[in-house]
Amino acid sequence: MKAWAESLGGISYPILSDFWPHGRVAQQFGVLRSEGYTERAIFIIDPDGIIRYVDIHDIDNQPSNDVLFAELAKISPEAAKVQQQQRPVSPGLPHGGVVMYCTSWCPDCRKARAWFKEHGIPFTEVDIDTTPGAADQVRKWANGSRTTPTFDIDGEIIVDYQIKRLEELLLNKK
Amino acid sequence: MPLTVGDKAPDFTLPSHLDKDITLSSLRGKTVVLVFFPQAWTPI
């Protein structure tokens, strides 16, 4: 498990193994499916051990971090502060205009490239597989995940290929 | 049936990748986000 976590590139929160007895904790929380694996589920547990938020969602439909931060803020304003922290770009990485953090292979990066070309929008690419510090930068923005593409558009960070937000930011400006 | 808002979270102790076991009740006083996240990032 440790080797696996390291292969993901260092994760700041503990990853737990609910393996023995198989899925027992999932069962206690009522999210073990009959197929033997769990639902995708999020529980927020308050300082007294009481469940304050439950979300069970399809694998492709996870709630946005904004929703979760709002829930956390209801319980403790401290917990939501992370969101407001300024997240400046690490030195050595390009900044200004449209910067896309991507990989050579990710399908959504390919779509984004095509979209920029279609609209004649100049952009700078940072390959996070080959650029030192780039993957760590993306993790800071994406709450620990190497999400590609991630965009830095004059300081506005968009994690993942969110076409609506790109349109808002880049097409309405013209 | 999944637990719902207002239920007491059942206590558990599970091994973590940080070389130590995590016990939910030891985190009293803090807010905990518990995520069940199957099938992600794994070769399975």
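As a starting point, this report considers the structure included with it. Remember, it's a predicted structure, so these values are computed and weren't measured experimentally. (Residues numbered from 1 in each chain as written. Chains lettered and ligands numbered in written order. Predicted model: local features only at pLDDT ≥ 70, side-chain atom pairs only at ≥ 80, totals over all residues. Heavy atoms only, no water.)

## Digging into the overall build of chain B
Okay, so step 1: Counting its regular elements, chain B contains zero helices and three strands.
Okay, so step 2: Mapped in sequence order, the helices and strands of chain B form the string β-β-β.
Okay, so step 3: Residues classed as buried in chain B amount to 32% of the 44 residues present.
Okay, so step 4: With an accessible surface of roughly 2900 Å², chain B has 59% of that area assigned to carbon and sulfur atoms. (Helix = DSSP H or I, 4+ residues; strand = E, 2+ residues; numbered from the N terminus. Buried < 20%, exposed > 50% of the residue type's maximum accessible area, 1.4 Å probe, protein only. Areas by Shrake-Rupley, 256 points an atom, 1.4 Å probe, with all protein chains shown as cover.)

## Focus on the sheet that holds strand 3 (residues 32-36) of chain B
Okay, so step 1: The three strands are arranged 2(A)-1(A)-3(B) in an open sheet whose pairing can be described as antiparallel. Strands at the two margins of the open sheet, each flanked by one partner only, are strand 2 (51-57) of chain A together with strand 3 of chain B. Taken pair by pair, the neighbouring strands of this sheet meet at an average axis angle of 10°, ignoring direction.
Okay, so step 2: Across six bridges, the pairing between strand 1 (residues 40-45) of chain A and strand 2 of chain A is antiparallel. By the bridge assignment, A:Ile44 is partnered in strand 2 of chain A with A:Tyr53.
Okay, so step 3: In this fold helix 3 (residues 65-75) of chain A packs onto strand 1 and strand 2 of chain A together with strand 3 of chain B, with an angle of close to 170° to the strand it touches most, strand 2 of chain A. (Pairing = 2+ DSSP bridges. Axes fitted to C-alpha atoms, helices over the stretch in contact; angles between N-to-C directions. Contact = heavy atoms within 4.5 Å.)

## A closer look at the pairing of strand 5 (residues 150-153) of chain A
Residues and elements named next belong to chain A.
Okay, so step 1: Going residue by residue along strand 5, you find Thr150 and Asp152 tucked away on one face and Phe151 and Ile153 tucked away on the opposite face as well.
Okay, so step 2: Taken together, the four bridges between strand 3 (residues 98-102) and strand 5 define a ladder with antiparallel strand orientation. Bridge pairing in strand 5 links Tyr101 to Thr150.
Okay, so step 3: Pairing analysis gives four bridges linking strand 5 to strand 6 (residues 156-159), with the strands arranged antiparallel. When the sheet's bridge partners are listed, Ile153 is paired in strand 6 with Glu156.
Okay, so step 4: If you look at the hairpin formed by strand 5 and strand 6, you'll find two residues sitting between the two strands, and Asp154 has a positive phi there, around 50°.

## Things to note about the interface of chain B and chain A
Okay, so step 1: Listed by partner, the interface residues are 35 residues for chain B and 43 residues for chain A.
Okay, so step 2: Interface of chain B and chain A: buried area, both sides summed, is about 3500 Å²; carbon and sulfur atoms make up 68% of it.
Okay, so step 3: Across the contact surface, chain B and chain A share zero salt bridges.
Okay, so step 4: The interface formed by chain B and chain A includes eleven residue pairs in polar contact (both at pLDDT 80 or more).
Okay, so step 5: Of the residues belonging to the side of chain B that touches chain A, the class tally is 21 nonpolar, eight polar and six charged.
Okay, so step 6: In this sheet, strand 3 of chain B lies alongside strand 1 of chain A in antiparallel orientation, the contact comprising five bridges. Note on strand 3 of chain B: the bridge partner recorded for A:Ile45 is B:Val32. (Buried area = accessible area lost by both parts, 1.4 Å probe. Salt bridge = Lys/Arg side-chain N within 4 Å of Asp/Glu carboxyl O. Polar contact = N/O pair within 3.5 Å; in protein donor to acceptor, adjacent residues only side chain to side chain. Nonpolar A, V, L, I, M, F, W, Y, C, P; charged D, E, K, R; others polar.)

## Some thoughts on the sheet that holds strand 3 of chain A
Residues and elements named next belong to chain A.
Okay, so step 1: Spatially, 4-3-5-6 is the arrangement adopted by the four strands of the open sheet, whose pairing is mixed. Both outer strands of the open sheet, strand 4 (124-127) and strand 6, are each paired with one neighbouring strand and no more. On average, each strand axis in the sheet is tilted by 20° relative to the strand beside it, whichever way the strands run.
Okay, so step 2: Here helix 6 (residues 134-141) sits on the sheet in contact with strand 3, strand 4, strand 5 and strand 6, set at roughly 100° to strand 3.
Okay, so step 3: Against the sheet, helix 7 (residues 163-171) makes contact with strand 3, strand 5 and strand 6, and its axis sits at roughly 155° relative to strand 6, the strand it touches most.

## Examining empty space enclosed by the protein
Okay, so step 1: Under the definition given, this model contains one cavity of 30 Å³ or more.
Okay, so step 2: In this structure, the largest cavity spans a volume of roughly 30 Å³.
Okay, so step 3: In terms of lining, the largest cavity is formed by A:Ile45, A:Asp46, A:Pro47, A:Gly49, B:Leu24, B:Leu27, B:Arg28, B:Lys30 and B:Val32.
Okay, so step 4: The residue inventory of the lining of the largest cavity, partitioned by class, reads five nonpolar, one polar and three charged. (1 Å grid on protein atoms, 1.4 Å probe; cavity = no way out; pocket = protein on both sides within 12 Å on 5 of 7 lines; lining within 4 Å. Points joined across faces, edges and corners; volume = space filled by probe spheres on them.)

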